[in-house]
Amino acid sequence: MAITSSTNTIGLLNLQKTGKHSNMDLPLFHSSHLKVIRFRRIFKCASQVNDISVEVVKREIDFKDPDWKKHFQEDFDNRFRLPHITDILDVKPRPTTFSLKSRGPLGDGNGASMDTWYGYVNDDDRALLKVIKFASPNSAGAECIDPDCSWVEQWVHRAGPRKQIYYEPKEVKAAIVTCGGLCPGLNDVIRQIVFTLEKYGVKNIVGIQFGYRGFCDENLREVPLSHQVVQNINLAGGSLLGVSRGGPSISDIVDSIQAKAIDMLFVLGGNGTHAGANAIHDECRKRKMKVSVVGVPKTIDNDIQLMDKTFGFDTAVEEAQRAINSAYIEAQSAYHGIGLVKLMGRSSGFIAMHASLSSGQIDICLIPEVPFKLEGANGLLQHLEHLIKTKGKAVVCVAEGAGQELLQKSVATDASGNVVLGDIGVHMQQQIKRHFKNIGVPADVKYIDPTYMVRACRANASDAILCTVLGQNAVHAAFAGFSGITTGICNIHYVYLPIPEVIRSPRCVDPNSRMWHRCLTSTGQPDFH
Ligand SMILES: Nc1ncnc2c1ncn2[C@@H]1O[C@H](COP(=O)(O)OP(=O)(O)OP(=O)(O)O)[C@@H](O)[C@H]1O
Ligand SMILES: O=P(O)(O)OC[C@H]1O[C@](O)(CO)[C@@H](O)[C@@H]1O
Ligand SMILES: [Mg+2]
């Protein structure tokens, strides 16, 4: 399945020169006149992504124009404008029923009035998206718009409760669906969505079972949700509602939304799920349905654009420590021990990089964004030989999407269209064993694959807080009348973003970033090419 949507955009200059995705965001300085190019691109952050593609209108910037910054900002504001149900329907707002000062809905004479509670977010409140002023395009990780790397303010919409809402809570039917793979914190988000909906006064809340599949499978009934049902679900990992990949067509899903009379749909999932959510939003608009579709990004891979992090990532990194520590102990205790750990990360190496950094026990960290070779001079096997000779042991951490070019290319896809990756962990284990055998040096290789253990667990404290805020903000967004948007954290502020902006491509580790450099400093590994 592919989703296509149109937005106005001006690309950023990303001077990343390393890695195989260097053709992603090419420099845009152009002294030619303002010109609009319409193009379609299939994003390839790393080697294996499914077929999410977004059609963007890319405007080249004439930096000789004294007003180029103004034009850039106008375009930026258009891109990040939040779609609203009043774009297509004539709906009048009403005072909110959400207040922390009153026991009941505002205006029922039971508590404070809106005038005395300053807990609302103004629609014109903004958070700053980019906070570093890079002095030069050659600064580590620099993202520049123009050749001088000028700083241009880029503002996005602040998340939170609004004074005016666009739904009558007593009449609302809200639904929650969780799609894709598991992620620590799914239950925390479900729980907070239910709590917050009830705080507004919503009584009719249901869960859709097993992802998008639950919309159209007669055997999968809606699950009634309430404070009582969700009270303790955060104590366990997984999803109360179940997850799945693949599923019905967008039009069938929207038929089902119509038949079930759902007014608000909360969609928890990764980039694929968000592509689906955006397509559902588009279809609802086409049919002039008053439905708010709001996403909450879920992925341990942390591969959603623009956000500081996604929920589940911290927990996955923490959980990965246990596997790394075991690999270290095994390597340390064996004669010429080599511990090898494979972690998730289909397109992005964030889990591997952060787990390596935090453990401090890793000698080699391999991520999809940085190609490596095994054989020959400067190859990884040669470096392992060196580590065994000098330290007597080595610990390697590899992301599942790393080194895919070393494996036989797979044409198989999962139910959602994601390419089924080759097993780089098993391949490396075999190659390392073969190599040491060939050179006549004993090596005791211990391979650990904790893949599902790092994501089937309960959220840690920091993720639990993130889930709480995101779940609450998702409900505030729906009541505020937004649709086709998602919630996130940017520079430690909570924001709403239009879905196409966050799924244009998977977010990747920048091999020119300070974080990757820190990781290299910590492991001490050389380049393997
Ligand atoms: N381009 C798309 N358009 C519409 N729906 C999509 C698209 N890609 C995926 N989906 C649907 O979204 C759901 C989840 O997609 P996917 O399996 O890719 O997981 P994900 O949301 O990316 O999460 P994860 O991080 O676990 O991979 C599936 O039901 C799939 O059919
Ligand atoms: O085995 P499953 O359930 O398809 O999930 C595996 C995928 O889930 C992720 O963690 C998130 O997309 C990927 O890193 C990984 O490829
Ligand atoms: Mg995905």
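Residue numbering note: each chain is counted from 1, following its sequence as written. By the order in which they are written, chains take letters starting at A while ligands take numbers starting at 1. Given that the model is predicted, a residue must reach a pLDDT of at least 70 before its local features are reported, and side-chain atom pairs must reach 80 or more before they are shown or counted; all residues, however, enter totals for whole chains, interfaces and linings. Calculated side-chain values reflect all of the structure's heavy atoms, with hydrogen atoms and water omitted.

Taking an unreviewed UniProt entry as the reference, the chain is identified by name as ATP-dependent 6-phosphofructokinase belonging to Ensete ventricosum. UniProt positions are given in the numbering used here, feature names are shortened, and annotations may be inferred rather than shown by experiment. Per UniProt, the comment on the chain under Pathway (unreviewed entry) is "Carbohydrate degradation; glycolysis; D-glyceraldehyde 3-phosphate and glycerone phosphate from D-glucose: step 3/4." Listed in UniProt under the heading Function (unreviewed entry), the comment for the chain reads: "Catalyzes the phosphorylation of D-fructose 6-phosphate to fructose 1,6-bisphosphate by ATP, the first committing step of glycolysis."

Draft legend 1. Examining the sheet that holds strand 20 (residues 485–490) more closely. Taken in spatial order, the 9 strands of this open sheet run 7-9-21-20-15-14-11-12-13, and their pairing is mixed. In this open sheet, the two edge strands, each paired with only one partner strand, are strand 7 (126–128) and strand 13 (223–224). It only takes one pair of heavy atoms within 4.5 Å for two residues to be counted as in contact. Only the contacting stretch of a helix is used when fitting its axis, a line to C-alpha atoms as for every element, and angles between N-to-C directions run 0 to 180 degrees. Secondary structure elements follow DSSP: runs of H or I no shorter than four residues count as helices, runs of E no shorter than two count as strands, and numbering proceeds from the N terminus. Against the sheet, helix 2 (residues 186–200) touches strand 11 (173–178), strand 12 (204–208), strand 14 (264–269) and strand 15 (292–297), its axis set at about 160 degrees to strand 14. Strand pairing follows a simple DSSP-based rule, namely that at least 2 bridges must link the two strands.

Draft legend 2. Focus on the packing of helix 4 (residues 250–260) against helix 5 (residues 271–286). Direction vectors running N to C along helix 4 and helix 5 enclose 60 degrees, while the axes themselves pass 9 Å from each other. The hand of the helix 4/helix 5 crossing is right-handed. Residues Ile250, Ile253, Val254 and Ile257 of helix 4 form the contact with helix 5, whose own contacting residues are Gly276, Ala279, Ile280, Glu283 and Cys284. Here the term charged refers only to Asp, Glu, Lys and Arg, the term nonpolar to Ala, Val, Leu, Ile, Met, Phe, Trp, Tyr, Cys and Pro, and the term polar to all other amino acids, Gly among them. Here the contact of helix 4 with helix 5 is composed, by residue class, of 7 nonpolar, 1 polar and 1 charged. Whether a crossing is left-handed or right-handed is set by the direction in which the near helix is turned from the far one by less than a right angle, anticlockwise for left-handed and clockwise for right-handed.

Draft legend 3. Expanded view of unusual backbone geometry. Unusually for a residue other than glycine, Cys149 sits at a positive phi of about 60 degrees. Note that Cys149 resides in the loop between strand 8 (143–144) and strand 9 (155–158). Exposure categories follow from relative accessible area, calculated using a 1.4 Å probe and restricted to protein chains: below 20% of the type maximum is buried, above 50% is exposed, and the middle band is partly exposed. Taking relative accessible area as the criterion, Cys149 reaches 2% and is therefore assigned buried. Unlike most non-glycine residues, His336 shows phi in positive territory, near 55 degrees.

Draft legend 4. Region of the structure containing the state of the cysteines. Two cysteine sulfurs form a disulfide in these notes if their separation is within 2.5 Å. What the rule picks out here adds up to 1 disulfide. Each sulfur of the disulfide joining Cys144 and Cys149 lies 1.8 Å from the other. Judged by the sign of its S-S torsion, about -65 degrees, the bond between Cys144 and Cys149 is left-handed. For the pair formed by Cys144 and Cys149, the shared burial category is buried. Free cysteine Cys183: the closest other cysteine sulfur is in Cys467, separated by 7.4 Å. Given the relative accessible area of 1%, Cys183 is considered buried.

Draft legend 5. Region of the structure containing the environment of Asn278. Position of Asn278 relative to the elements: it lies in helix 5. Asn278 gets classed as buried once you look at its relative accessible area, which sits at 4%. Spatially, the C-alpha atoms of Asn278 and Pro511 are 30 Å apart, while their sequence positions differ by 233 residues.

Draft legend 6. Main features of the environment of His383. Structurally, the position occupied by His383 is in helix 8 (residues 380–390). In this structure the C-alpha to C-alpha distance between His383 and Phe528, which are 145 residues apart in sequence, comes to 8.6 Å.

Draft legend 7. Region of interest: the site of ligand 2. The cutoff for a nearby residue is simple: one of its non-hydrogen atoms must lie within 4 Å of the molecule or strand. Surveying the vicinity of ligand 2 reveals the residues Arg245, Ile300, Asp301, Met344, Gly345, Arg346, Glu400, Tyr452 and Arg455. Contact distances for ligand 2 include 3.3 Å between an oxygen atom and a side-chain N or O atom of Arg346. Here Glu400 contributes a side-chain N or O atom positioned 2.5 Å from an oxygen atom of ligand 2. A breakdown of the residues in the shell around ligand 2 according to their chemical character gives 3 nonpolar, 1 polar and 5 charged. As used in this structure description, the phrase polar contact means that two N or O atoms lie within 3.5 Å; if the pair is within protein, one of them must be able to donate a hydrogen and the other to accept it, and residues adjacent in sequence are counted only when both atoms belong to side chains.

Draft legend 8. Quick look at the nonpolar core. Nonpolar cores were defined as sets of buried Ala, Val, Leu, Ile, Met, Phe, Trp, Tyr and Cys residues, with membership established by side-chain atoms within 4.5 Å. Core analysis: the biggest nonpolar cluster contains 76 residues, and Ile176, Leu197, Met264, Phe266, Phe311 and Phe479 have the highest contact counts within it. When near neighbours in sequence (up to four residues on either side) are disregarded, Met264 contacts Tyr167, Val172, Lys173, Ala174, Ala175, Leu197, Ser292, Ala478 and Phe479. If you look at the next biggest cluster of nonpolar residues, it comprises 41 residues, including Ile61, Ile257, Ala279 and Met289.

Draft legend 9. Representation of helix 7 (residues 350–359). When you tally the buried positions in helix 7, you get 7 out of 10 residues, the bulk of the element. What helix 7 keeps buried is the set Phe350, Ile351, Ala352, Met353, Ala355, Ser356 and Ser359. Summarising the contacts, the buried residues of helix 7 are in contact with helix 6 (313–333), strand 16 (337–343), strand 17 (364–366), strand 18 (393–399) and helix 12 (514–523). A positive phi of about 70 degrees marks Gly360, the residue just after helix 7.

Draft legend 10. Highlighting the side chain of Thr487. Within the secondary structure, Thr487 is located in strand 20. Residues within four places of Thr487 in sequence aside, it is in contact with Val294, Gly295, Val296, Pro297, Met307, Leu470, Asn473, Ala474, Val495 and Tyr496.

Draft legend 11. A look at the UniProt feature "active site" (unreviewed entry) in the chain. The sites that carry the UniProt feature "active site" (unreviewed entry) are, in the present numbering, Asp301. Residue placement: Asp301 occurs in the loop between strand 15 and helix 6. Each residue touching Asp301, except ones within four places of it in the same chain, is listed here: Met344, Gly345, Arg346, Ser348, Phe350 and Ile351.

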